[in-house]
Every structure is written in structure tokens, then in C-alpha cells.
Amino acid sequence: MNRSGILGAKIERLKKELGNNATLVAVSKYHPASDIIAAYEAGHRDFGESRVQELKEKSEKLKDEGIDDICWHFIGHLQTNKVNHLLRIQNLRFIHSIDSMKLLMELYRKKEYFEGEDLGYFLQVKTSDEEEKYGFQGIDSLREALNFIVEQPKGGPYLHGLMTMGKIRTDDFEGDARAAFKKLVCIKQELLRDYSTFDLALSMGMSQDYKMAVSEGSDFVRVGGAIFGQD
Ligand SMILES: *Cc1c(COP(=O)(O)O)cnc(C)c1O
């Protein structure tokens, strides 16, 4: 089987598992643009990247191939001084990783750089106690973000939902991942009680824990290794 056939079969299998419940974002970071093209040829359209420069280079390569209907998801930590570079990338559709008030404000400050139709974003929430992870922590910081968002003029970027990651370094990977996902569901419900005009989707689940994430109600899973890795 060629690369497109191999990737296509893995993606098909994953999509069958997800059913109609969740969108599969194929995380292509560290993998060559040729892999994205192979998966694209198998019919996939949603791809995730975690670095602005890498996404920029790949998006240009794909454009050169005549591919103009891809759907880019930015999923990595974003530095405020790179927001304008990210927003200029064609076919950017979602940012999953708005992880601080500062970055949220910068997104709106730079919104004119975005020339596409729709730009949805997720607030990244810290649901575990791992030190190095970025994200909003605690319901009050999210309320502050939502209070800011409701004040913004319509027609720009819009809040699509909440994102989180399970704990990475842990002896109880499954238990901790499920706890993180349950926590995000609770946070969503608590926020919707006060901000009923929002409709918050959930971005949670990676190669190792997407099944659990979907069973907890995830709407977007971000899967890299299980598609592009060996096996
Ligand atoms: C790399 C990455 C993923 C995909 O991880 P895999 O384990 O390869 O599936 C998902 N989400 C984020 C934020 C990532 O950085």
C-alpha cells in the first residue's frame, strides 16, 4: 500500500471509532508536508500543527500543490509576538490553545491580520497540577476571559470552546486523563450557567486517550502518533 493508502486506512479506522461525535484533527507536527498531502489525497481535511513557522512552511508547500481547501488547527503554545504571523496563514480555521488573558487580548488586537471567513478559538484550561503546562487555571480566570469576550464586537474571532490535556507524567495515565476530561466538562457546565449565550465545544483527547475523551463528551480529538507514527 502507498503512504496515502496507509494513512487513509488509519484515519478511517479512527473516524469509525469516533462516530459522528467528534472531529478528528490529524496532528502532523514533526511530520513532512508529503504526509499531509498523502492524508489529504485519502480525503482528510483537518490538520493540526503546533508551531507557527512549521505551519507557515507547510501551508505554503500545500498551496504550491494547488491544495486550497484544507482546514488548519493551531494547537501549540503561541507567543504573543507571533499572533500576526499565525493569523496571516491561509485556511487557518481554529486555534485550540489560547492559554492566557494576555494572548486572548492580543488575538483581538491583531484580528485584522486574519483574512479568512471564520476563526474559532478555544480557551486552554489547566486541569492538572503539572507545573509547565500553559492554560487558564480556575473558574475565575475563565470568567474574566468570558467577560472580556462578550464585550468584543461581533464578526471577529469567536470563542468555540474549551481545550485541555491529560496529565503527561503520571503513574496513573488513564485515571488522570479521565479526571482531567471530567473536570473540563464540569467547568463548561459551570460557565454555561452564567454565560448561556455561548455554545462551548470541547477539544480533548490525543493518541493515547482519545477513546476516553470521546466517552467523556469531546467534540475535537487531536491525534498525531496514532496516524503518522510507525506501526
Ligand atoms: C502533539 C499534540 C497532540 C497529538 O499528540 P499525539 O500523542 O501524537 O496524538 C495533541 N495536542 C497537542 C496540544 C499536541 O501538542
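Higher on the page you've got the structure.
Thresholds, definitions, all that
Residues numbered from 1 in each chain as written. Predicted model: local features only at pLDDT ≥ 70, side-chain atom pairs only at ≥ 80, totals over all residues. Heavy atoms only, no water. Helix = DSSP H or I, 4+ residues; strand = E, 2+ residues; numbered from the N terminus. Rg over C-alpha atoms; globule rule 2.2 N^0.38 Å. Areas by Shrake-Rupley, 256 points an atom, 1.4 Å probe, with all protein chains shown as cover. Lys, Arg positive; Asp, Glu negative; His and termini not counted. Charge placed at Lys NZ, Arg CZ, Asp CG, Glu CD. Buried < 20%, exposed > 50% of the residue type's maximum accessible area, 1.4 Å probe, protein only. Salt bridge = Lys/Arg side-chain N within 4 Å of Asp/Glu carboxyl O. Near = heavy atom within 4 Å. Polar contact = N/O pair within 3.5 Å; in protein donor to acceptor, adjacent residues only side chain to side chain. Nonpolar A, V, L, I, M, F, W, Y, C, P; charged D, E, K, R; others polar. Contact = heavy atoms within 4.5 Å.

So, on to the overall build of the protein chain. Counting its secondary structure elements, the protein chain contains nine helices and eight strands. In summary, the protein chain has a C-alpha radius of gyration of 17 Å against a globular reference of 17 Å for 231 residues, a match within 12%. As displayed, the protein chain has an accessible area near 11500 Å², and 45% of this comes from carbon and sulfur atoms. Of the charged side chains in the protein chain, 32 are positive and 37 negative; the average position of the first set lies 1 Å away from that of the second.

In this structure, Tyr-30 takes a positive phi of about 70 degrees despite not being glycine. Position of Tyr-30 relative to the elements: it lies in the loop between strand S1 (23–27) and helix H2 (33–41). Relative accessible area serves as the criterion here: at 56%, Tyr-30 is assigned to the exposed category. You will see that Asn-91, though not glycine, has its phi angle at about 70 degrees, which is positive. With respect to the helices, strands and loops of the structure, Asn-91 is situated in the loop between helix H4 (83–87) and strand S4 (92–98).

One pass over the structure, following the stated rule, counts 13 salt bridges. Linking Arg-45 and Asp-69 is a salt bridge whose minimum nitrogen-to-oxygen distance equals 3.3 Å. With Arg-45 in the loop between H2 and strand S2 (46–49) and Asp-69 in the loop between helix H3 (52–64) and strand S3 (71–74), this pair connects stretches of sequence that are 24 residues apart. The exposure class of Asp-69 is partly exposed, given its relative accessible area of 38%. We note a salt bridge from Arg-178 to Glu-216, for which the minimum N-O separation is 2.5 Å. Here Arg-178, found in helix H7 (residues 173–194), pairs with Glu-216, found in the loop between helix H8 (210–215) and strand S8 (220–223); they are 38 residues apart in sequence, far enough to count as distant. Connected through salt bridges with shared partners, the residues Glu-49, Glu-54 and Lys-58 form a single ionic network.

Before going further, it helps to spend a moment on the site of the ligand. As a structural note, the neighbourhood of the ligand is formed by Val-27, Lys-29, Ile-75, Met-163, Met-165, Met-206, Ser-207, Arg-222, Val-223, Gly-224 and Gly-225. Here an oxygen atom of the ligand and a side-chain polar atom of Ser-207 are 2.5 Å apart. Measuring from a nitrogen atom of the ligand, one finds a side-chain N or O atom of Arg-222 at 2.9 Å. For the ligand, whose accessible area on its own is 390 Å², the fraction buried by protein is 82%. By residue class, the composition of the shell around the ligand is six nonpolar, three polar and two charged.

What follows deals with helix H5 (residues 101–109). The complete set of buried residues in H5 reads Met-101, Leu-103, Leu-104, Glu-106, Leu-107 and Tyr-108. Contact partners of the buried residues in H5: H4, S4, strand S5 (120–124), helix H6 (139–150) and strand S6 (158–163).

Taken by themselves, the reported measurements are silent on function.
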